[in-house]
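Take a look at the letters that make up each chain.
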Amino acid sequence: MGGGGAASGAADRVLIQQAVPAPSPSRRLPDFLQSVNLKYVKLGYHYLITHLLTLLLIPLMAMILVEAGRSDPDGIRQLWVHLQYNLVSVLVCSAFLVFGSTVYIMTRPRPVYLVDYACYRPPDRLQVRYRSFMEHSRLCGEFNEDALEFQRKILERSGLGEETYVPEAMHFLPPRPSMANAREEAQQVMFGALDALFRNTGVKPKDISILVVNCSLFNPTPSLSAMIVNHYKLRSNIKSFNLGGMGCSAGVIAVDLARDLLQAHRSTYAVVVSTENITQNWYFGNRKSMLIPNCLFRVGGAAVLLSNRSADRRRSKYRLVHVVRTHRGADDRAFRCVYQEQDDQGKVGVSLSKDLMAIAGGALKTNITTLGPLVLPISEQLLFFATLVAKKLFNAKVKPYIPDFKLAFDHFCIHAGGRAVIDELEKNLQLTPVHVEPSRMTLHRFGNTSSSSIWYELAYIEAKGRMRRGHRVWQIAFGSGFKCNSAVWQALRNVKPSPNSPWEDCIDRYPVQLVDGFPASQPQQ
């Protein structure tokens, strides 16, 4: 459970604006914006640097063609005779060329394709409205008035709508957080997503060779991965893994593990299942830092089918381009900022530190420092390097240049951990409201579904018909530990939503009307 403390951070932030005296009219610079739009200057610079090699090669190729046109036919004939008398040299060069090509083909990483994925859509009877949530919290008798008022304020500022889902055990009075009900929740979510995935792709469960399941807070014996193996009667030599305690970013970690396994095994299918379990992890105490997850986390899960089979490229939606993982666990503050523990009354919950947003910002900075050189165009890297040199060598008072990641990515799937998480990334990465719309709408419609939220966001982009061939998608998630993980995908075709998409019957109502830059509590009909 990674970015859940977002709402409290949003409530405490204060913006301070400094007044800067305006220069006198006689000392003002000319208004260049009247004649030149600086936006287009930057776009022109980006185009020039990106296509610099092409622009240099065109005159060179023209010169070669001109010189070739002037060549005497006798000269070409003499070159051919020279090669005939040096047949050994030609054969040796050809052999080296063939050998080098073979080594390259055999050692290069196998491409990993995302054939399809499915997100679980809970039944409507599990929806919870604000009023029902607060009434239920009051009637269960576990919370004092101060805790109830705190939860009310968090809900109002959370960005969640009136159609999110809580597990069936939480709808009873008193709630029934038993092991049996927790297993039931896990089965409904995982099997619901997997049934849809197998139905949409036509892949048989027996064809799956690799299974990776991630769930942070519910890890029974036998494991959740064993539960899936048993239910679908998967093959006996399946390579199964169960990741626990790794928070909301574990979905990217699971994809990374599956990718590594697909490099070692040819012609293989891998399934990744990402979910979280709420039934046994609802907090029934009064410590405010542990009440926030109750207000933000909701039922959800996703199943993803990956393949390294070349034959699957034509029907796959995406190709995995990069995975970058950042772990700040060596720092004590980062390690404890999302921490499962007991309160003074011995009640277990997940505590979220007030430093969560600052720690998430540091992890993000480290992550994009690694990711940037892999994805940013050379024009952005040159600007960043130039400002760094000016600052370090010449002590110039220049602001650090923030690379424009909009030049590297067409779509952004920011983990819907909470309102402040999305706000901060929108501001710091200089994104537009359209770029963060999938994250905001996912938070509004489904709440924080932990590691699966990035898949609901991707489904939103597809349902809106925005995904085109060649588009790049940046999935970024935060998790306990503290971790920040990124996955980059490239669309292989114009992607349409799969059948039974979680947005299938409600996408026309989104995006909801914005109030102060954030969705209203109820979708517009």
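One can find the structure itself at the top, above this paragraph.
The following paragraphs examine the structure supplied in this document. Remember, predicted model here, so these are calculated numbers, not experimental data. (Residues numbered from 1 in each chain as written. Predicted model: local features only at pLDDT ≥ 70, side-chain atom pairs only at ≥ 80, totals over all residues. Heavy atoms only, no water.)

Attention now moves to the overall build of the protein. Secondary structure summary: the protein contains 17 helices and 15 strands in total. Within the span of the protein, comprising 525 residues, buried residues form 48% of the whole. Within the protein, residue pairs in contact and separated by at least 24 positions form 81% of the contacts whose partners lie at least 6 positions apart. For the protein, the exposed area adds up to about 27000 Å²; of that, 57% sits on carbon and sulfur atoms. (Helix = DSSP H or I, 4+ residues; strand = E, 2+ residues; numbered from the N terminus. Buried < 20%, exposed > 50% of the residue type's maximum accessible area, 1.4 Å probe, protein only. Contact = heavy atoms within 4.5 Å. Areas by Shrake-Rupley, 256 points an atom, 1.4 Å probe, with all protein chains shown as cover.)

This brings us to the pairing of strand 12 (residues 472-479). Within strand 12, 7 of the 8 residues are buried, which leaves the element mostly enclosed by the surrounding structure. Pairing analysis gives 4 bridges linking strand 11 (residues 411-414) to strand 12, with the strands arranged parallel. Note on strand 12: the bridge partner recorded for I414 is I476. In this sheet, strand 13 (residues 483-491) lies alongside strand 12 in antiparallel orientation, the contact comprising 8 bridges. Directly across from Q475, in strand 13, lies its bridge partner A487. From the end of strand 12 to the start of strand 13, which pair antiparallel, there are 3 residues, and G481 there has a positive phi angle of about 135°. (Pairing = 2+ DSSP bridges.)

Judged by side-chain polarity, L57, L60, M61 and I64 come together as a nonpolar surface patch covering roughly 360 Å² of accessible area. Summarising the element assignment, L60 is placed in helix 3 (residues 52-70). The exposure class of L60 is partly exposed, given its relative accessible area of 42%. (Patch = residues over 30% accessible without salt bridge, like charges linked within 9 Å, V, L, I, M, F, W, Y side chains within 5 Å. Salt bridge = Lys/Arg side-chain N within 4 Å of Asp/Glu carboxyl O.)

The next subject is the packing of helix 7 (residues 145-158) against helix 11 (residues 288-296). Running from amino to carboxyl end, helix 7 crosses helix 11 at an angle of 45°, the nearest separation of the two axes being 9 Å. As judged from the angle between their axes, helix 7 and helix 11 are oblique. Here helix 7 runs over helix 11; the crossing is right-handed. From helix 7, D146, A147, F150, Q151, I154, L155 and S158 reach across to helix 11, where they touch K288, L291, I292, N294, C295 and L296. When grouped by side-chain class, the residues that make up the contact of helix 7 with helix 11 number 8 nonpolar, 3 polar and 2 charged. (Axes fitted to C-alpha atoms, helices over the stretch in contact; angles between N-to-C directions. Parallel < 35°, antiparallel > 145°, perpendicular 65-115°, else oblique. Left-handed = near helix turned anticlockwise from the far one by under 90°. Nonpolar A, V, L, I, M, F, W, Y, C, P; charged D, E, K, R; others polar.)

With respect to the helices and strands, Q263 occurs in helix 10 (residues 250-264). On the accessibility criterion, Q263 (26% relative accessible area) is partly exposed. Along the sequence, Q263 and P111 sit 152 residues apart, while their C-alpha atoms lie 8.4 Å from each other. Not counting chain neighbours up to four residues away, the residues in contact with Q263 comprise P109, R110 and V112.

Once that is clear, we can look at the pattern of salt bridges. Counted according to the given criterion, the structure contains 25 salt bridges. A salt bridge links D344 to R287, with the shortest nitrogen-to-oxygen separation between them at 3.7 Å. With D344 in the loop between strand 9 (338-342) and strand 10 (348-352) and R287 in the loop between strand 6 (269-275) and helix 11, this pair connects stretches of sequence that are 57 residues apart. Taking relative accessible area as the criterion, D344 reaches 71% and is therefore assigned exposed.

A word on the packing of aromatic side chains. Taken as a whole and assessed by the stated rule, the structure comprises 18 aromatic pairs. One residue, R176, lies across the ring of F172, its end atom 3.7 Å from the ring centre. Stacked on the ring of Y339, the Lys or Arg R336 has its end atom at 4.0 Å from the ring centre. (Phe/Tyr/Trp six-rings, centres within 6.5 Å; stacked < 30°, edge-to-face > 60°. Lys NZ or Arg CZ within 6 Å of the ring centre and 35° of its normal.)

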